[in-house]
Amino acid sequence: MECKIKNEYGTIYIAEDVMLKVVGYAALECYGIVAMSGQRATDGIVEWLGRENLTKGVQIRNVGDMLDVDLYIIVEYGISISEVCKTIVETVRYKLESTTGVKVRKISISVEGIRI
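These lines cover the structure that appears in this document, whether it is placed above or below. All values derive from a computational prediction rather than experimental measurement.

Comments concerning the pairing of strand S7 (residues 103–115)
Here strand S6 (residues 66–76) pairs with S7 via eleven bridges, running parallel. The residue bridging Ile-73 from the neighbouring strand is Val-111, located in S7.

What follows is the structure, encoded as structure tokens:
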């Protein structure tokens, strides 16, 4: 899936991998997030992913001309999960919209674990 943006200069195509990386890096900038998490649906095992695989903890879907974003994260113990998620939503929305020009409709976050 790629994102298509039309403007007065023409049409811009942005690859899905680019958008996944923008979201992943924006999320990892937020205080309290330790890592992205990838789930293997076949056996339900949660994998902890480093910076090289952060796109596996992100899913995006086109909904009309907007995007829905799903994040799977691991947070630091002792930090307010609700505040971390609020910060992630604000940061990811800002970075994705300002970098790509695509509007974000919804951001869903699944906290898959806590690191002590």
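From this point on, the discussion continues.
Some points on the packing of helix H1 (residues 16–28) against helix H2 (residues 81–100)
Orientation of H1 relative to H2, taken along the N-to-C sense of each, is 140°, at an axis distance of 9 Å. Crossing angle aside, the handedness with which H1 passes H2 is right-handed. Contacts from Met-19, Val-22, Val-23, Ala-26 and Ala-27 of H1 reach H2 at Ile-88, Thr-91, Val-92, Lys-95, Leu-96, Thr-99 and Thr-100. Within the contact of H1 with H2, the residues separate by chemical class into eight nonpolar, three polar and one charged.

Some points on the pattern of salt bridges
Taken as a whole and judged by the stated rule, the model has five salt bridges. With a closest N to O distance of 3.5 Å, Asp-17 and Lys-21 form a salt bridge. Of the two residues, Asp-17 and Lys-21 are both situated in helix H1; the distance of four residues between them amounts to about one turn of the helix. By relative accessible area, Asp-17 is classed as partly exposed at 39%. Classification of Lys-21 by relative accessible area gives partly exposed; the value is 40%. Glu-29 is the salt-bridge partner of Lys-95, the closest N and O atoms lying 3.2 Å from each other. Of this pair, Lys-95 sits in helix H2 while Glu-29 sits in the loop between H1 and strand S3 (33–40), and the two are 66 residues apart along the sequence. Salt bridges sharing partners connect three or more residues here, namely Arg-61, Asp-68, Asp-70 and Arg-105.

Analysis parameters
Residues numbered from 1 in each chain as written. Predicted model: local features only at pLDDT ≥ 70, side-chain atom pairs only at ≥ 80, totals over all residues. Heavy atoms only, no water. Pairing = 2+ DSSP bridges. Helix = DSSP H or I, 4+ residues; strand = E, 2+ residues; numbered from the N terminus. Axes fitted to C-alpha atoms, helices over the stretch in contact; angles between N-to-C directions. Left-handed = near helix turned anticlockwise from the far one by under 90°. Contact = heavy atoms within 4.5 Å. Nonpolar A, V, L, I, M, F, W, Y, C, P; charged D, E, K, R; others polar. Salt bridge = Lys/Arg side-chain N within 4 Å of Asp/Glu carboxyl O. Buried < 20%, exposed > 50% of the residue type's maximum accessible area, 1.4 Å probe, protein only.

Interpretation in functional terms is not warranted from these geometric data alone.
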